[in-house]
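In case you want the letters, here they are:
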Amino acid sequence: MKMSKSDNEPEELDVDMTPMIDVTFLLIVFFMIVIDLTQQDIVQLQLPKAEHGTPDKNPEKNRQTINVTWDKVQRKSTIIWKRQEVDYTQLGKNLFPIATGHGMIDPQTRFSKLFVLIRCDRDAPFKTVQEIMQVCATPELKIYKVMLAARDASGQK
Amino acid sequence: MASSNDRAMKREVKMEFTPMIDVVFLLLIFFMCTLKFKILESKIATFLPTDKGLNKNFEELEPVEKIRIQLSLRGEQCVCRINGQSMGIMPGATQAAYSKIMQLKAASEKSPAEISPDPRVQHKHVIDILDECMRANLTEITFTGALPDLKTKKS
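What this report covers is the structure whose coordinates are included nearby.

Procedures and definitions
- Residues numbered from 1 in each chain as written.
- Chains lettered and ligands numbered in written order.
- Predicted model: local features only at pLDDT ≥ 70, side-chain atom pairs only at ≥ 80, totals over all residues.
- Helix = DSSP H or I, 4+ residues; strand = E, 2+ residues; numbered from the N terminus.
- Contact = placed C-beta atoms within 7 Å.
- Buried ≥ 20, exposed ≤ 12 C-beta atoms within 10 Å, placed from the backbone.
- Nonpolar A, V, L, I, M, F, W, Y, C, P; charged D, E, K, R; others polar.
- Pairing = 2+ DSSP bridges.
- Axes fitted to C-alpha atoms, helices over the stretch in contact; angles between N-to-C directions.
- Core = buried A, V, L, I, M, F, W, Y, C linked by C-beta atoms within 7 Å.

1. Comments concerning the overall build of chain A
1) Next: In terms of regular secondary structure, chain A is built from four helices and seven strands.
2) Next: The secondary structure elements of chain A, listed N-terminal to C-terminal, are α-α-β-β-β-β-β-α-β-α-β.
3) Next: In chain A, of all internal contacts separated by at least 6 residues, the share reaching a separation of at least 24 is 71%.

2. Concerning the overall build of chain B
1) Next: When helices and strands are tallied, chain B shows six helices and six strands.
2) Next: Taken across its 155 residues, chain B has 22% of its residues classed as buried.

3. Details of the interface of chain A and chain B
1) Next: Each side of the interface is counted separately: chain A has 49 residues, and chain B has 41 residues.
2) Next: Secondary-structure elements contributing two or more residues to the side of chain A that touches chain B are helix 2 (18-34), strand 2 (54-55), strand 6 (115-120), helix 4 (126-136) and strand 7 (145-152) of chain A.
3) Next: Looking at the side of chain A that touches chain B, its residues break down into 30 nonpolar, eight polar and eleven charged.

4. Concerning the environment of Pro125 of chain A
1) Next: Following the sequence through the fold, Pro125 of chain A ends up in the loop between strand 6 and helix 4.
2) Next: Of the residues examined, Pro125 of chain A has 22 C-beta atoms within 10 Å and is grouped as buried.
3) Next: Note: C-alpha distance between Pro125 of chain A and Trp70 of chain A (55 residues apart in sequence) is 8.6 Å.
4) Next: If sequence neighbours within four positions are ignored, Pro125 of chain A has contacts with Ser77 of chain A together with Pro119, Arg120, Val121 and Gln122 of chain B.

5. Observations regarding the pairing of strand 3 (residues 63-71) of chain A
Regular strands show a simple pattern: their side chains alternate between the two faces of the sheet.
Residue and element names in this part refer to chain A.
1) Next: With respect to burial, strand 3 is a largely interior element, seven of its nine residues being buried.
2) Next: Across six bridges, the pairing between strand 3 and strand 6 is parallel. Residue pairing for strand 6: Val68 is matched across the bridge by Cys120.
3) Next: Where strand 3 lies against strand 4 (residues 76-81), six bridges are found, and the strand directions are antiparallel.

6. Considerations on the sheet that holds strand 4 (residues 85-89) of chain B
Residues and elements named next belong to chain B.
1) Next: Sheet architecture is open: five strands sit in the order 4-3-2-5-6, paired in mixed fashion. Of all strands in the sheet, those with a lone pairing partner are strand 4 and strand 6 (141-143), marking the two edges. With strand direction ignored, the average angle separating the axes of adjacent strands in the sheet is 25 degrees.

7. Some remarks on unusual backbone geometry
1) Next: In this chain, Met90 of chain B is followed by Pro91 of chain B through a cis amide linkage whose omega measures 5 degrees.
2) Next: Its place among the elements puts Pro91 of chain B in the loop between strand 4 and helix 4 (94-107).
3) Next: Unlike most non-glycine residues, Lys142 of chain A shows phi in positive territory, near 55 degrees.
4) Next: Mapped onto the fold, Lys142 of chain A is located in the loop between helix 4 and strand 7.

8. Points about the nonpolar core
Most often, soluble globular proteins keep nonpolar side chains buried together rather than apart.
1) Next: Among the nonpolar cores identified, the biggest contains 49 residues, and Val116, Ile118 and Ile143 of chain A together with Ile69, Cys80, Val126 and Ile129 of chain B are the most heavily contacted of them.
2) Next: Sequence-distant contacts of Ile118 of chain A, defined by excluding residues within four places in its chain, comprise Ile66, Val68, Val129, Ile132, Val146, Leu148 and Ala149 of chain A.

All we've got here are geometric facts, nothing functional implied.
Right, dumping it as structure tokens:
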């Protein structure tokens, strides 16, 4: 029996890609929405626990986050601001234009409206936090709204 | 016989999806790797002095009895003292510290707390004590203590 031409050729398998592409795009959109750009200032560190702190649900608009990490091996603390390692002088210089920028000085009190959140590793010496507070309180910066971050431990007991 | 035009019309147009899928998967992997779930943190608000900065003679200006909390180091251990009375070694001393704060608060409702941590004390012990102050509903908490750099600059 003579076979037709079409029987000899291997049949082409067409995989329908549409549902897979749909799901993939859906996942991409999900991740793009979930990604929080405000988290970029946050460095992974071990925060101390606090049960009675205020939950940080609505972060202040005028807020700068300063991270203090602790190297257990070298026993050294490092200040990280906007993903950059800084010393106290640099920190003061970096905060100056933000703290004294347009509309940032309270006309009545003459103090800065800027909030500073210090996220310090639980094992770091308190000296670093003290010195950051000292930088904030300088007459040039006049920042007095300083907050200390802690891991929310309410309801753990 | 079909014309060449007809044949062209019938020819199926196939789109090459492979590069698009490649890019899409690359994006997907990127987002999956960079994803960080937001962990709810808490904050303890402190306000730095707004007068003339560090006032060395502030003791003379204060008529109210303060709750003086001292955190000092004994070797590697952090010792908590309230108004000179030892509460024990941190973090175990937090309960005793809370009881003492409540006792002092009962005697004078508006007593402000003054925390003097040794600069070498670990940050977690300071937060523990701050947490106990918040638990005792103390509204006025101030930090004192030697600021090492300032001290060296002035001397």
